[in-house]
Amino acid sequence: MAIDTPTAPATPVAAQAPQDGRLTGRAKLVLFVLCAAQFMVALDFSVLNVALPVLGDDLGLSRSALQWAVTAFALPSGGFLLLFGRIADLYGRRKLFLTGLALFGAASLLATLAWDPVSFLTGRALQGLGAAVIVPTGMSLLTTTFPEGPQRDRALGISGTLLSLGFTVGMVLGGVMTDTLGWRSTMGLLTVAAVIVLALAPGLLPESRTPDRPRLDVPGAITVTGGLLALIYSLSTAAQRGFGGADVWGTLVVGLALLAAFVAVESKASAPLVSLPMLKRRTVAWGNLGGLVTFSMMSTVVFVLTLYLQEVLGLSSFRTGLVFGVQGVMSVLAGSYAAKVIGRFGARRTLIGSLLGQGLFIAVLLAIGSESGALLATVAVSLASMCHLGAIISYGLTVTSGVPDEEQGLATGLVTTTQQVGITIGIPLLGVLATTQGDLFHGVRTVLLIDAVIVVAAAALVAVGLGRRKA
């Protein structure tokens with residue numbers, strides 16, 4: 001599979017390896033660089049969460065303003081994914097990937113050295129912008145470097161494992177580092193990671209882009225970016241203050257209107273940012289639905305279980321971190337077998353089975369009690385996370401398989417946008433039910449029940465959608 005650019009080697013590095021999924025030494029280094037970048041971004045999503053109260057006291061951020069430490073990152077990281085994925089297709093994925101790494105590293109340094117709320121939130125926003133560049137370009141470099149088949153299955157399996165592990169490690173590591181070294185160490189860690197990856201990447205990654213350079217779809221870029229920014233702002237704010245505010249509903253309506261306008265623009269554009277025929281592919285549409293559900297519902301489970309373990313059972317933050325540490329270990333175990341499972345059963349069947357398993361193990365969590373249940377929660381959430389990881393890897397493969405190289409940036413942009421939107425919408429849509437009811441324990445169980453039903457229903461829908469034969 002040649003990479004379609006005059007500056008690229010005739011054959012991808014990974015394609016020189018045997019076709020049984022084994023990778024050459026150089027291919028392993030390429031995979032390490034790409035996965036390290038994805039892990040770094042995933043770590044950034046969670047490493048700061050437990051440090052927020054300390055950070056607020058240090059910088060003078062009020063409790064009501066602390067949400068912006070998260071929102072300032074989430075807005076650009078989710079809003080600009082599709083745009084940067086397409087720009088990378090047109091002007092060079094490697095070039096943009098390196099630019100994103102440099103921006104992320106500089107922004108992390110600014111956040112580390114922040115002297116007031118404005119400088120810190122500026123650093124967080126620039127981190128999010130860098131992440132919006134790194135995630136789609138890194139994924140498209142991975143799918144164009146490793147040929148479709150056992151090698152790509154294995155590469156995506158490792159990438160998905162580290163993505164899931166990054167969120168979990170961030171929760172545990174953030175607490176330890178904040179207690180021992182202070183909250184600035186969490187941002188300093190990201191600075192060091194970005195510098196290391198940036199030093200290794202130029203000599204390892206091949207350049208790739210589409211063979212021609214059609215004009216960038218500016219109206220489409222404006223409407224989809226504006227729509228995603230408004231939607232993510234609305235849902236992120238709702239997670240903190242509920243849906244009662246006029247700004248929440250106002251930005252939600254604006255976001256949905258802009259996304260509707262985006263669809264209308266794309267249907268008439270000569271060089272659309274998003275190919276509507278691609279969205280009509282069964283694998284793209286139903287695969288992304290599975291991805292949206294697995295991310296949104298699993299992030300909700302982690303949120304409500306954190307409340308349950310600390311506020312209902314009275315566990316310390318350290319012991320709560322250990323619960324999710326077990327979850328992370330089980331995720332790594334699942335990732336080591338994911339490629340073999342997909343190789344035997346196929347990505348579509350693995351996606352459906354993984355969603356079904358995730359839903360069933362979430363349902364097991366309904367047996368937790370108001371005075372005990374930490375062990376059950378540890379086992380059930382770990383098994384659900386194993387299935388969740390299988391869904392992450394198999395939905396990425398389902399969406400990107402069969403997509404030509406010149407559209408891989410677009411396909412992976414859709415995959416990563418689904419991830420970001422899924423992580424963003426789960427907690428405000430369901431998590432708030434746990435905190436707004438009078439009894440927290442019953443609120444948690446209500447959320448878990450709804451969560452399990454949604455995931456199982458999604459498994460059934462994906463099975464029907466991917467099982468239909470083409471007309």
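Within each chain, residues carry numbers counting from 1 in the order of the written sequence. Totals for whole chains, interfaces and linings use every residue, but because this is a predicted model, local features are given only for residues with pLDDT of at least 70 and side-chain atom pairs only at 80 or more, for both listing and counting. Note that water and hydrogens are dropped before the side-chain values are worked out from all heavy atoms of the structure.

With an unreviewed UniProt entry as reference, the protein chain is termed MFS transporter, source organism Streptomyces melanogenes. Under the heading Subcellular location (unreviewed entry), UniProt records this for the protein chain: "Cell membrane". UniProt positions are given in the numbering used here, feature names are shortened, and annotations may be inferred rather than shown by experiment.

S.K.: What am I meant to see in the overall build of the protein chain here?
M.R.: Helix and strand definitions follow DSSP, with helices as H or I runs of at least four residues and strands as E runs of at least two, each counted in order from the N terminus. Scanning the protein chain from N- to C-terminus turns up 17 helices and zero strands. Relative accessibility under 20% of the residue-type maximum defines a buried residue, over 50% an exposed one, and the middle range a partly exposed one, all with a 1.4 Å probe and only protein chains included. Classification of the 471 residues of the protein chain by burial places 57% in the buried group. Every residue pair with non-hydrogen atoms within 4.5 Å of one another is taken to be in contact. The long-range share in the protein chain, meaning contacts at least 24 apart out of those at least 6 apart in sequence, stands at 83%. By element, 68% of the accessible surface of the protein chain is carried by carbon and sulfur atoms, the whole surface being about 18,200 Å². The protein chains shown are the only cover counted for residues, whose accessible areas, like all others here, come from Shrake-Rupley with a 1.4 Å probe.

S.K.: It is not clear to me how the packing of aromatic side chains should be interpreted in this structure. Could you clarify?
M.R.: The geometry of two aromatic rings is summed up by the distance between their centres and the angle between their planes. Paired rings are identified among Phe, Tyr and Trp, the last through its six-membered ring, by centres lying within 6.5 Å, and are further divided according to the angle between planes into stacked (under 30 degrees), edge-to-face (over 60) and tilted (the rest). Counted according to the given criterion, the structure contains three aromatic pairs. Plain terms: the ring middles of Phe-120 and Trp-183 are 5.5 Å apart, the flat faces sit at 85° to each other, and that makes the pair edge-to-face. On the criterion of sequence distance, the pair formed by Phe-120 in helix H6 (residues 117-145) and Trp-183 in the loop between helix H7 (150-181) and helix H8 (184-200) is long-range, its members being 63 residues apart. When its relative accessible area of 3% is taken as the criterion, Trp-183 is described as buried. With 6.3 Å between their ring centres and 80° between their planes, Phe-295 and Tyr-395 make a pair best called edge-to-face. Of the two residues, Phe-295 is situated in helix H12 (residues 282-312) and Tyr-395 in helix H15 (residues 374-400); the sequence distance between them amounts to 100 residues. Judged on exposure class, the residue Phe-295 and its partner Tyr-395 are both buried.

S.K.: Looking at this structure, I do not really get the packing of helix H1 (residues 25-46) against H8. What am I missing?
M.R.: Helix-helix packing is characterised by the crossing angle of the two axes and by the distance between the axes. Packing of H1 against H8 brings their axes to within 10 Å, and their N-to-C directions diverge by 160°. Classified by the interaxial angle, the pair formed by H1 and H8 is roughly antiparallel. Handedness of the H1/H8 crossing: left-handed. Seen from H1, the contacting residues are Phe-32, Val-33, Ala-36, Ala-37, Met-40, Leu-43 and Asp-44; seen from H8, they are Met-187, Leu-189, Leu-190, Ala-193, Ala-194, Val-197 and Leu-200. Its residues assigned to classes, the contact of H1 with H8 comprises 13 nonpolar, no polar and one charged. A fitted line through C-alpha atoms serves as each axis, taken over the contacting stretch for helices, and the angle formed by two N-to-C directions is quoted from 0 to 180°. Roughly parallel refers to an angle under 35 degrees, roughly antiparallel to one over 145, roughly perpendicular to one between 65 and 115, and oblique to any angle outside these ranges. Note on convention: the crossing is left-handed when the near helix lies turned anticlockwise from the far helix by less than a right angle, right-handed when the turn is clockwise. Three residue categories are used. Nonpolar comprises Ala, Val, Leu, Ile, Met, Phe, Trp, Tyr, Cys and Pro, charged comprises Asp, Glu, Lys and Arg, and polar comprises the others, including Gly.

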